[in-house]
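# Inside the fold
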Amino acid sequence: AYVDTKDILDKASEGYYGVAAFNINNMEFFHAILEGALEKKSPLIIETSEGAIKYAGMNDPYRGARFFVNMIKDMANTVDIPIALHLDHGNNFDIIMAAIKAGYSSVMIDASHEVFEENMRITKDIVRIAHAAGVSVEAELGQLSGIEDNVEAAENVLVNVDEAKEFCETTEVDFFAPAIGTSHGAFKFKGEAKLDYDRLKKVKEVTGKPLVLHGASSVVQEYVKIAEEYGADFGGSKGVPADVLKQTVEYGINKVNTDTDLRIAYVAGLREFLAHDAKQFDPRKYQRKAMDYVKKVVMERIDILGSANKI
Ligand SMILES: O=C(COP(=O)(O)O)NO
Ligand SMILES: [Ca+2]
Ligand code: NA
Ligand SMILES: [Zn+2]
């Protein structure tokens, strides 16, 4: 069934387990992810960035938002796991409105690069509009280093616990993303993967909200190796290890944003298949190994986060 993201995350917060939020840009990733979630009988959050919406809509965001809603809502209403569709890193007001209008389950308003008061003001505004339309809202405090919503953040700015308390009370966001040391992409840590667990525990205590971990991919080396065997160069890639992910769930993370792991698994499968089969040109066949690897990563992640059979 097609559900509100808040429903999935309130249950996860109650039960202290994590639900992965998988990013997609096309149908094949959605199908591969869905196969894995169905097999695990897990609730599923599908999320699309603003870039994905522009990509699918051939630069018309409302068309792109409708494309994803039509594909995902229809499928959701014909399978028996709960599925929500979420706008990831919403920043552009028109695209956030397009997602709400098209029928997204939830939207993120990411104004975390603004000063605290401004982030709070903007977020409050979006919550008012989204709630009026029955749509739930995510927002973020702190910054992840690297490129994020077209804003270049030089280095990590960790969430401030007192600000988090005020922010959640004032804005009434439904779920909240505290920056605790992760970053987007495949090169998250120079040395050891260190997240600020103490800060995370305190944010959970003072907000009581379902919490979101951005930049949560593990950069699974099994697929990095396969991709590199067939010509990729992902040297120095490092993500959030599975045991660290488990710790964050234990301390209150419930939505676990996963994009990079699926991209690496897919390109590994595609490179491997094409290196061995010189004759195949049916896209349903030459993408299948790539989709199988995505499905495997999805199922492994569901086991790490504990959302299997939680429907
Ligand atoms: O935070 C993410 C995904 O992060 P990764 O690059 O670690 O998959 N999406 O919002
Ligand atoms: Ca941000
Ligand atoms: Na998000
Ligand atoms: Zn993110």
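Per-chain numbering applies: the sequence of each chain, read as written, is numbered from 1 onward. Each chain is given a letter, starting from A, and each ligand a number, starting from 1, according to the order in which they appear as written. Selection of residues for local features in this predicted model requires a pLDDT of at least 70, selection of side-chain atom pairs for listing and counting requires 80 or more, and totals for whole chains, interfaces and linings are taken over all residues. With hydrogens and water excluded, all non-hydrogen atoms of the structure serve as input to the side-chain values.

Let's shift gears to a negative patch on the surface. Together, Glu117, Asp162, Glu163 and Glu166 give the surface a local cluster of negative charge. The way it works is that DSSP assigns letters per residue, a run of H or I at least four long becomes a helix, a run of E at least two long becomes a strand, and they are numbered from the N terminus. When you line up the elements, Glu166 lands in helix 7 (residues 161–171). Summary of the burial criterion: residues with accessible area below 20% of their type's maximum are buried, those above 50% are exposed, and those between are partly exposed, where the area comes from a 1.4 Å probe applied to protein chains only. What makes Glu166 partly exposed here is its relative accessible area of 38%. Patch building starts from residues that exceed 30% relative accessible area and form no salt bridge, then joins like charges within 9 Å and nonpolar side chains (Val, Leu, Ile, Met, Phe, Trp, Tyr) within 5 Å. Per-residue accessibility takes into account occlusion by the displayed protein chains alone, with areas from the Shrake-Rupley method and a 1.4 Å probe. Salt bridge, as applied in this entry: a Lys or Arg side-chain nitrogen positioned within 4 Å of an Asp or Glu carboxyl oxygen. This count recognises Lys and Arg as positive and Asp and Glu as negative, with His and chain-terminal groups excluded. Think of each charge as sitting on NZ of Lys, CZ of Arg, CG of Asp or CD of Glu.

With that settled, the discussion passes to the coordination of the sodium ion (ligand 3). Distances from the sodium ion (ligand 3) to its protein donors, His86 (NE2), Asp88 (OD), Glu138 (OE), Glu138 (OE) and Lys255 (NZ), fall at 2.6 to 3.1 Å. Counted as donors are the N, O and S atoms within 2.8 Å of the metal, or 3.2 Å for Na, K and Ca, while water is not among the atoms, so some sites may look incomplete. Donor residues binding the sodium ion (ligand 3) come from one chain and are separated in sequence as H-x1-D-x49-E-x116-K. Between the sodium ion (ligand 3) and the zinc ion (ligand 4), a spacing of 5.7 Å is present. Each member of the pair, His86 together with Asp88, is buried.

A separate point is the nonpolar core. Residues Ile72 and Phe176 are the most contacted members of the largest nonpolar core, which totals 86 residues. Take this core: its biggest share by element is eight residues, from helix 13 (residues 288–305). Two residues form a contact once any of their heavy atoms are found within 4.5 Å. Contact partners of Ile72, with chain neighbours within four places excluded, come to Tyr2, Ile24, Phe30, Ile46, Ile83 and Leu85. Core analysis: the next-biggest nonpolar cluster, separate from the first, contains twelve residues, Tyr17, Val19, Ala84 and Ala177 among them. The term nonpolar core refers to a set of buried residues drawn from Ala, Val, Leu, Ile, Met, Phe, Trp, Tyr and Cys, joined through side-chain atoms within 4.5 Å.

Per the stated rule, a full pass over the model turns up 18 salt bridges. For the salt bridge of Lys295 with Glu39, the shortest nitrogen-to-oxygen distance reads 2.8 Å. Taken together, the residues Lys295 in helix 13 and Glu39 in helix 2 (residues 27–40) connect sequence positions 256 residues apart. One salt bridge connects Asp125 with Arg128, and the closest N-O pair in it is separated by 2.5 Å. Here Asp125 pairs with Arg128, and both are found in helix 6 (residues 116–132), just three residues apart, close to one helical turn. One connected set of salt bridges, linked through shared partners, spans Glu35, Arg288 and Asp292.

Here pLDDT means the predictor's own confidence in every residue, given as a number from 0 to 100. Confidence along the chain averages 96 in pLDDT terms, with 97% of residues attaining 70 or more. At the level of individual helices and strands, the chain shows its lowest average pLDDT in strand 7 (residues 151–153), which scores 64, and its highest in strand 2 (residues 44–48), which scores 99. Model confidence for the complex: the whole-complex pTM is 0.97, and ipTM, which rates the interface, is 0.98.

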